[in-house]
Amino acid sequence: MDYVLVHGAWHGAWCWRRVLPGLWAAGHRAFAVSLTGVGERAHLLRPDIRLQTHADDVCAVIEAEELQGAVLVGHSYGGLVITAVADRLADRLSHLVYLDAVVPEPGESWSSGHTRETQAARRAAIAATGTIPPADPAAFGLQGEDAAWVARRQTPQPGGVYDDPLHFDAQRINRLPRTFIDCTSPALPTIDVMRRRVRASPDWKVVEIATGHDPMVSAPDELLAALLAVA
């Protein structure tokens, strides 16, 4: 089985470091993508980065590696990205995994599920700098060395992706099996809308992990087990 792992805002491929060896050891191929403008690609930050730029990043890996039947995993903001990718390449995928992630409906953007206060704060930051500054890792339930490790590596998020709407064919997406991994302790408030959304539909499998929003850091073994169960 092939896995493609897509990080969330402010992160990069580095965040999957504790999960990738377990996927490889289980005999799977796994590819962690760094999106344009963040992670080790932070030097490519520019004002015109949009959601489809990040979808291009992931599609390029699927095409270059000639993947078929891949499990596509999106963390947080990455849920938008994998939805955009699945709309283009549904026939190359076998399963979508939304890891405490945005689960969009057609026409929604990353900002759609946020409170007015969050929207206002992030839009103000974008107006001032063109980016959204990294969140405090404590908001992800991280402490001590884990929090310090993430804080050192986070980079500003390209602002152009925040209000960029995603238009896609919902029927095409809904034909793929979908799993939502809900990180419940502590639960990140900006994902609350998505938690309710997936539980209101019979088409979703929901898996709970009692950890914070960055389970690839705080609970890699539990996350690995959930990902292997998909295969």
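Residues numbered from 1 in each chain as written. Predicted model: local features only at pLDDT ≥ 70, side-chain atom pairs only at ≥ 80, totals over all residues. Heavy atoms only, no water.

Regarding the sheet that holds strand E2 (residues 29-33)
- Across the sheet, six strands lie side by side as E2-E1-E3-E4-E7-E8; this open sheet has parallel pairing. Whereas interior strands pair on both sides, the edge strands pair on one side only; in this sheet they are E2 and strand E8 (204-209). Each strand axis lies, on average, 20° off the axis of its neighbour in the sheet, ignoring direction.
- As paired strands, strand E1 (residues 2-6) and E2 are joined by five bridges and run parallel to one another. Within E2, the position partnered with Tyr-3 by the bridge is Ala-30.
- Helix-sheet contacts for helix H7 (residues 192-199) involve strand E7 (178-183) and E8, and the interaxial angle to E7 is about 135°. (Pairing = 2+ DSSP bridges. Helix = DSSP H or I, 4+ residues; strand = E, 2+ residues; numbered from the N terminus. Axes fitted to C-alpha atoms, helices over the stretch in contact; angles between N-to-C directions. Contact = heavy atoms within 4.5 Å.)

Observations regarding the side chain of Asp-100
- Inspection of the secondary structure puts Asp-100 in the loop between strand E4 (93-99) and helix H4 (116-129).
- Given a relative accessible area of 0%, Asp-100 falls into the buried group.
- For Asp-100, the side chain forms a polar contact with the side chain of Arg-195, separated by 3.3 Å.
- When near neighbours in sequence (up to four residues on either side) are disregarded, Asp-100 contacts Ser-76, Phe-180, Ile-181, Asp-182, Cys-183, Ile-191, Arg-195 and His-213. (Buried < 20%, exposed > 50% of the residue type's maximum accessible area, 1.4 Å probe, protein only. Polar contact = N/O pair within 3.5 Å; in protein donor to acceptor, adjacent residues only side chain to side chain.)

Describing H7
- For H7, the complete set of buried residues consists of Met-194, Arg-195 and Val-198. What you see down the axis of H7 is that its buried residues fit within an arc of 105°, all on one side.
- The inward-facing, buried residues of H7 abut E7 and E8. (Arc of directions from axis to C-beta.)

Quick look at the pattern of salt bridges
- Across all of its chains, the model carries 18 salt bridges by this definition.
- For Glu-145, the salt bridge identified is with Arg-152, shortest N-O distance 3.5 Å.
- Here Arg-195 ties to Asp-192 by a salt bridge, and the two come within 2.7 Å at their closest N and O atoms. With Arg-195 and Asp-192 both in helix H7 and three residues apart, this pair spans about one turn of that helix. (Salt bridge = Lys/Arg side-chain N within 4 Å of Asp/Glu carboxyl O.)

Describing the environment of Ala-60
- In this structure, Ala-60 sits in helix H2 (residues 51-64).
- The exposure class assigned to Ala-60 is partly exposed, which follows from its relative accessible area of 42%.
- Ala-60 sits 13 residues away from Val-73 along the chain, and the two C-alpha atoms are 15 Å apart.

What about helix H3 (residues 78-89)?
- Here H3 is twelve residues long and its end C-alpha atoms lie 16 Å apart, about the 16 Å a rise of 1.5 Å per residue gives.
- Burial analysis of H3 places eleven of its twelve residues in the buried class, which makes it a mostly covered element.
- The secondary structure elements touched by the buried residues of H3 are E1, H2, strand E3 (70-75), E4 and helix H6 (170-174). (Expected span 1.5 Å × (residues − 1).)

Here's the deal with the environment of Arg-197
- By the element assignment, Arg-197 lies in helix H7.
- Each C-alpha atom, one on Arg-197 and one on Gln-52, is 24 Å from the other, the two residues being 145 residues apart in sequence.
- Leave out the neighbours within four places in its chain, and Arg-197 touches Val-103, Pro-104, Glu-105 and Glu-108.

Description of the packing of aromatic side chains
- Under the definition given, this model contains five aromatic pairs.
- Between Trp-14 and Trp-149, the aromatic rings sit 5.3 Å apart at their centres with planes inclined by 85°, giving edge-to-face as the arrangement. With Trp-14 in the loop between E1 and helix H1 (20-25) and Trp-149 in helix H5 (residues 144-153), this pair connects stretches of sequence that are 135 residues apart.
- Taking relative accessible area as the criterion, Trp-14 reaches 12% and is therefore assigned buried.
- By relative accessible area, which is 9% here, Trp-149 ends up buried.
- The structure contains a cluster of three or more aromatic residues connected by ring pairs, namely Trp-10, Tyr-77, Trp-110 and Tyr-162.
- The ring centre of Trp-149 lies 5.2 Å from the NZ or CZ of Arg-18, which sits over that ring. (Phe/Tyr/Trp six-rings, centres within 6.5 Å; stacked < 30°, edge-to-face > 60°. Lys NZ or Arg CZ within 6 Å of the ring centre and 35° of its normal.)

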